[in-house]
Amino acid sequence: MGNELSYAYHISVITADCSHASTIDSLSVTLIGTKGQSNKMKLDHKGLHFFNERHKQYKMHCKESLGDIVLVRLEHAHFQGKRWFCSKVIVEDCAGGRSFRFPCNSWVKKNQSVELREGTAKKPSEDELDILKQNREKELDQRRKTFRWKTYAEGMPKCVDIKKTCDLPLDVQFSFSKNTEFQFTVTSALVKLKLVEFIHFQTHWRSMEDIEKYFGVNKTEESEFVKSMWEEDTFFGYQFLNGCNPIMIKKCKEIPSNFAVTNDMVSRFLEKSTSLQNEMQKGNIYLVDYQLLDEFPANTIHGKLQYLPAPLCLLYKDPDNQLKPIAIQLKQKAHPQNPIFLPSHSADWLLAKIYVRSADFNYFQLITHLLRTHLLAEVFCMATHRNLASVHPLYKLLIPHTRYTLQINIMARDKLLGKSGVFQTVVQ
């Protein structure tokens, strides 16, 4: 055999270190180089080789050098299990001393064979061999069949055409540990906050004491401070600056035509010897406008039509650098039944501020969070899978940041946006 098969390669197969990654099944391997291709070799074993983080080395003999190894083909041999998570394959040229690494980092399923490219990042223009060009196109063709576009609703970004998370490719599903952590976090939070029995609670809160009953479990200095300060105008402004949605605050140089605030209305809430116009010129007047919410219809929950405000809120930065509200209008169109509320309006003023907070929650969840975070991220995730092969440098850069995007968005469309989801049954 030494005369006929004089060239040797060491092949190391590494299983990933994650839950359920191992397999007791056999595999076969083929090396493809710039000068030729090896025969298929079975990686024979007795059920012990492909366990978590195990490096198993094999020796392959060839008649002559295959040149630079550019592809490794892994195929199942008597594959009895459902899947195996391969970390990478390393090929060493025993004569030349060169080493070639082939990252996999993906699940290999029953009756599936995979071709792994050498790990050096390359753009399409850098593929010189026809076999590498074909490999790139084959991978993208398969991805485009798997990751198909769908229009979920008119006006929304397109998304993946998969309804159930279990139908996603294994590589983009939650890992076993991630799924366990996700379920445990939700359950433990409900138990810790003693909210399990109130998940389907439908009775209205009538007072702060009612809220205290359900959310007074884990008191902190911060929660007690919020409880004592939540009605104060200065704290209302503080929440805008330090909350989830401060990008809504815009400097106001001119009062909008549909928000008829005058100096006479608000001058008593400004510093003495100044005016609304002067403060606008100084850059101390800010506007928060939820105009986009005016286009959304309100929900009907438990047979009752909800009120969905689309307010305008005028804010003033005083000499102490505190931001305070000085005027609120709850709907966009000026009308006698859509008054401007002022700090002097006592209980009505507090209710107006609560409605602004409600609008901020709706805007944040629908626009800032759902649309600009989840749904737009899915567009980039889909474009990455459909247009960039795994060897492309941009794919290597982007893919770690999109790992769970598709699963969490499918869950969001089901649990949040569906007919019986949170947005339909709970949110205004």
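Residues numbered from 1 in each chain as written. Predicted model: local features only at pLDDT ≥ 70, side-chain atom pairs only at ≥ 80, totals over all residues. Heavy atoms only, no water.

K.L.:
Mind showing me how you'd approach the pattern of salt bridges here?
P.N.:
Side chains that carry opposite charge are capable of pairing whenever their charged atoms lie near each other. Enumeration over the complete set of coordinates arrives at 15 salt bridges. Lysine 282 is the salt-bridge partner of glutamate 279, the closest N and O atoms lying 3.6 Å from each other. Highlighted residues: glutamate 279 and lysine 282, both in helix H7 (residues 276-282), separated by three residues, approximately one helical turn. Owing to a relative accessible area of 4%, glutamate 279 belongs among the buried residues under this scheme. By relative accessible area, lysine 282 is classed as exposed at 58%. Taken together, the shared-partner salt bridges connect Asp68, Asp93 and Arg98 into one network. (Salt bridge = Lys/Arg side-chain N within 4 Å of Asp/Glu carboxyl O. Helix = DSSP H or I, 4+ residues; strand = E, 2+ residues; numbered from the N terminus. Buried < 20%, exposed > 50% of the residue type's maximum accessible area, 1.4 Å probe, protein only.)

K.L.:
Just to check I follow, could you spell out the sheet that holds strand E18 (residues 340-341) for this structure?
P.N.:
Backbone-to-backbone hydrogen bonds pair the strands of a sheet. The strands run either parallel or antiparallel. Strand order in the open sheet formed by five strands is E12-E13-E16-E17-E18, with antiparallel pairing between adjacent strands. Bordering the open sheet on either side are strand E12 (249-251) and E18, each of which pairs with just one other strand. Bridge analysis of strand E16 (residues 312-317) against strand E17 (residues 323-329) gives six bridges, and the strand direction is antiparallel. What sits directly across from cysteine 313, in E17, is isoleucine 328. Where helix H5 (residues 233-242) meets the sheet, it contacts E12, strand E13 (285-289), E16 and E17, and its direction lies at approximately 95° from that of E17. Each of E16, E17 and E18 is contacted by helix H8 (residues 347-387), which is oriented at about 95° to E17, the strand it contacts most. (Pairing = 2+ DSSP bridges. Contact = heavy atoms within 4.5 Å. Axes fitted to C-alpha atoms, helices over the stretch in contact; angles between N-to-C directions.)

K.L.:
Quick question: what am I supposed to make of the pairing of strand E7 (residues 83-93) here?
P.N.:
Residues in a regular strand point their side chains to alternate faces of the sheet. For E7, the buried fraction is high: eight of the eleven residues fall into the buried class. Examined bridge by bridge, strand E1 (residues 7-15) and E7 share seven bridges and lie antiparallel to one another. For isoleucine 14, the partnering residue across the bridge sits in E7 and is lysine 88. Here nine bridges tie E7 to strand E8 (residues 99-109), and the two strands are oriented antiparallel to one another. Each bridged residue has a counterpart across the sheet, and for tryptophan 84 the counterpart in E8 is valine 108. Here E7 folds back onto E8, and the loop between the two strands holds five residues, one of which, glycine 97, carries a positive phi near 80°.

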